[in-house]
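Now for the letters of each chain:
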Amino acid sequence: MAATPTVSAVDTQHSDMIHDAQMDYYGKRLATCASDRTVRIFDVAEDGQHKLVKELQGHEGPVWMVGWSHPNFGNLLASCSHDRKVLIWKETAVGWEQTKEHVEHEGSVNAVAWAPHAIGRAVLACASADGDISILTQTKDNRWSVDRIRGAHRNGVTSVSWAPLVAIGSLGSSEIETADTTTTPRLVSCGCDRHIKIWTLVGDTWSANPVVLDGHDEWVRDVAWAPGIGLSCSTIASCSQDGTVLIWTQQTEGSSAAREDASAWVCTTLRKFTEPVWRVSWSLTGNMLAVSSAESKVTLWKEGIDGTWTQIGDLEGSSGTN
């Protein structure tokens, strides 16, 4: 008999709407952010109890998203806000401190995403309403270099997500050698132009001609690359203001030129919801997907052996929006 999952409530003590909540790599820390301009960090006990350990203040507007780095790079937490800033916080021996303030965007920063740790250093992608994607890379002297994909999406970028990498490497070369293949860092983004775009790091420069995937009729709110390490295909989920959730798949075999062909991606409609869909999130194994919509619920979906997706559950009253 399958175990019944337990659901526990967390009194975050935020004074306004919560926009994001993320567990760290080990599941022992919870970070939340809200329209009250704060980020809060909680210790999570084995019995599910939560204890507030720190409130981080530094933003001047609603905080949309938080993200933990891989522990290989220390306890780093990124946050982004309507105030056009990205803040990177670091836990030290004396507590949490702000280690980086990124203020180069001209519009709200809507999303942040850490690159896979296999890249070899801490790398953070930031999606902004100014239409650009900035990429922060921690250098050996613990400074941060900044790259920019300008004009990534007309009228604004809403989300970014990294492709999984399958072996340890470094950004000294964009190609990471593995036992089976050669993989380059790839990033997927979406925006208010209704497009989904896949960017590839070529040498030290992000490709000027991304793969463009079209399937949504209105602006795309979120995109997520499945962490399907070692699987025979790449999988991306996207959701939109038009109420649709799309699953995009591409076989990983073949040349790098074939991977840059938009026609190599096969699109399947997971479901057409009656309301806009805010967020999609994969399980660690990449075969389950959580979908958050304006229907005030989170639905859970699982892929079958035959490739079809089936709804396996839902959580009422769990939806939120940026």
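Please refer to the structure placed before this passage.
Definitions and cut-offs
Residues numbered from 1 in each chain as written. Predicted model: local features only at pLDDT ≥ 70, side-chain atom pairs only at ≥ 80, totals over all residues. Heavy atoms only, no water. Helix = DSSP H or I, 4+ residues; strand = E, 2+ residues; numbered from the N terminus. Buried < 20%, exposed > 50% of the residue type's maximum accessible area, 1.4 Å probe, protein only. Contact = heavy atoms within 4.5 Å. Core = buried A, V, L, I, M, F, W, Y, C linked by side-chain atoms within 4.5 Å. Pairing = 2+ DSSP bridges. Axes fitted to C-alpha atoms, helices over the stretch in contact; angles between N-to-C directions.

Novice: A description of the side chain of S79 should follow, citing residues and the corresponding values.
Specialist: Position of S79 among the secondary structure elements: in strand β6 (residues 76-81). Owing to a relative accessible area of 0%, S79 belongs among the buried residues under this scheme. In contact with S79, not counting residues within four places along its chain, are V39, H59, V63, M65, V66, K85, V86, L87 and W89.

Novice: So what's going on with the nonpolar core? Which residues, and what values?
Specialist: Across soluble globular proteins, nonpolar side chains have a tendency to be buried as a group. L124, I133, I135 and W162 are the most contacted members of the largest nonpolar core, which has 36 residues in total. Residues contacting I135, with those up to four places away along its chain left out, are V123, L124, A125, S145, V146, D147, I149, W162, L187 and W206. Counting residues in each nonpolar core, the second largest holds 15 residues, with L270, V277, W301 and W309 among its members.

Novice: Would you mind going over the sheet that holds strand β22 (residues 244-251) in detail, with residue names and values included?
Specialist: Taken in spatial order, the 4 strands make up an open sheet running β20-β21-β22-β23, and their pairing is antiparallel. This sheet does not close on itself; its edge strands, each paired only once, are β20 (220-225) and β23 (266-272). Direction aside, the axes of adjacent strands within the sheet are offset by 20° on average. When β22 meets β23, the two strands line up antiparallel, connected through 6 bridges. Each residue of the ladder has a partner; that of W248, found in β23, is C267.

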